[in-house]
Amino acid sequence: MNSDAASVDAYVEGLPEHRRVAVATVRQLILENLPDGYEETMQYGMISYVVPLSRFPTTYNGQPLTYLSLASQKRHLSLYLMGVYGDAESDFAARYAATGKKLTMGKSCLRFTRVENLPLDVIAEEVRRLPVDAFLAQYIDAKSSSKRSPQG
């Protein structure tokens with residue numbers, strides 16, 4: 001479900017109460033653990049935490065490079081963890097599983113219905129894991145690798 005909210009606050013306020021509480025809780029966790037240099041914005045109808053174009057203007061689509069996004073979808077809430085997707089060495093799934101909570105995740109999209117189903121300490125650790133310079137290095141390395149591969 002894409003939103004046309006002009007601001008993050010408007011996005012959160014426009015959610016049904018049970019989702020508003022969940023999104024606000026995860027948003028606060030992100031803000032408390034987000035490394036310096038990322039900016040919170042609305043992007044693609046979701047709350048996103050991005051590398052500003054003033055820091056890294058050479059993206060494939062001219063949009064700020066997304067580190068994290070948080071969204072209310074039709075049947076669930078989503079937390080997009082681009083650092084997990086781009087890092088083959090990430091042990092996120094193992095750390096998550098060690099908590100005993102069920103992981104429902106695609107390549108970067110962690111799906112959940114209630115905050116109580118999330119291991120918030122693992123999420124906080126993942127948010128903190130990649131300062132902007134490390135995330136950019138990972139992104140640049142992935143782009144360079146795809147250009148060298150036969151399919152890239």
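Heads up: these notes are all about the structure in this document. (Residues numbered from 1 in each chain as written. Predicted model: local features only at pLDDT ≥ 70, side-chain atom pairs only at ≥ 80, totals over all residues. Heavy atoms only, no water.)

1. Topic: the packing of aromatic side chains
- According to the stated counting rule, one finds 5 aromatic pairs in the structure shown.
- Put simply, the rings of Tyr38, Tyr67 and Phe135 touch in pairs and so form one group of aromatic residues. (Phe/Tyr/Trp six-rings, centres within 6.5 Å; stacked < 30°, edge-to-face > 60°.)

2. Structural notes on the sheet that holds strand S4 (residues 77–81)
- In space, the 5 strands of this open sheet follow the order S1-S2-S3-S4-S5, with antiparallel pairing throughout. Both outer strands of the open sheet, strand S1 (39–43) and strand S5 (109–112), are each paired with one neighbouring strand and no more. Across the sheet, the axes of successive neighbouring strands diverge by a mean angle of 25°, strand direction being ignored.
- Direction of pairing for S4 relative to S5: antiparallel, over a ladder of 4 bridges. Each residue of the ladder has a partner; that of leucine 79, found in S5, is leucine 110.
- Sitting on the sheet, helix H2 (residues 17–33) touches S1, strand S2 (46–51), strand S3 (65–72), S4 and S5, and the angle it makes with S3 is about 155°. (Pairing = 2+ DSSP bridges. Helix = DSSP H or I, 4+ residues; strand = E, 2+ residues; numbered from the N terminus. Axes fitted to C-alpha atoms, helices over the stretch in contact; angles between N-to-C directions. Contact = heavy atoms within 4.5 Å.)

3. Structural notes on the pattern of salt bridges
- As enumerated under the stated definition, the model contains 9 salt bridges in all.
- As a salt-bridge pair, arginine 27 and aspartate 9 come within 3.2 Å of each other at their nearest N and O atoms. With arginine 27 in helix H2 and aspartate 9 in helix H1 (residues 8–13), the pair connects residues that are 18 residues apart, well separated along the chain.
- Accessibility expressed as a relative area gives 49% for aspartate 9, which makes it partly exposed.
- Between glutamate 40 and arginine 27 there is a salt bridge, with its nearest N and O atoms 2.8 Å apart. Of this pair, glutamate 40 sits in strand S1 while arginine 27 sits in helix H2; the two residues are 13 residues apart in sequence, bridging distant segments of the chain.
- If you follow the salt bridges from partner to partner, you end up with Asp91, Arg95, Glu125, Glu126 and Arg129 in one network. (Salt bridge = Lys/Arg side-chain N within 4 Å of Asp/Glu carboxyl O. Buried < 20%, exposed > 50% of the residue type's maximum accessible area, 1.4 Å probe, protein only.)

4. What to know about the environment of tyrosine 11
- Its location among the elements puts tyrosine 11 in helix H1.
- According to the relative accessible area criterion, tyrosine 11 is buried, its value standing at 4%.
- The sequence separation of tyrosine 11 and tyrosine 96 amounts to 85 residues, and the corresponding C-alpha distance is 28 Å.
- Leave out the neighbours within four places in its chain, and tyrosine 11 touches Ser3, Ala5, Met42, Gly45, Ile47, Leu70, Ala71 and Ser72.

5. Overview of the environment of glutamine 28
- Position of glutamine 28 among the secondary structure elements: in helix H2.
- Remark: the alpha-carbon pair of glutamine 28 and phenylalanine 112, spanning 84 residues in sequence, is separated by 17 Å.

6. Comments concerning the packing of H2 against helix H5 (residues 120–129)
- Two elements in contact, H2 and H5, have axes separated by 9 Å at closest approach and are oriented at 45°. When the axes of H2 and H5 are compared, the pair comes out oblique. Our pair here, H2 against H5, has a crossing hand that is right-handed. In this structure, H2 uses Leu29, Ile30 and Asn33 to contact H5, whose residues at the interface are Leu120, Ile123, Ala124, Val127 and Arg128.
- Residue classes in the contact of H2 with H5 are distributed as 6 nonpolar, 1 polar and 1 charged. (Parallel < 35°, antiparallel > 145°, perpendicular 65-115°, else oblique. Left-handed = near helix turned anticlockwise from the far one by under 90°. Nonpolar A, V, L, I, M, F, W, Y, C, P; charged D, E, K, R; others polar.)

7. A short note on the layout of surface pockets
- Considering only enclosed or pocket space, the largest pocket measures out at about 530 Å³ in volume.
- As for the largest pocket, its lining consists of 20 residues, of which Tyr60, Leu65, Thr66, Met82 and Tyr139 are closest to the centre.
- For the lining of the largest pocket, the secondary structure elements donating two or more residues are S3, helix H3 (82–85) and helix H6 (132–148).
- Its residues assigned to classes, the lining of the largest pocket shows 11 nonpolar, 8 polar and 1 charged. (1 Å grid on protein atoms, 1.4 Å probe; cavity = no way out; pocket = protein on both sides within 12 Å on 5 of 7 lines; lining within 4 Å. Points joined across faces, edges and corners; volume = space filled by probe spheres on them.)

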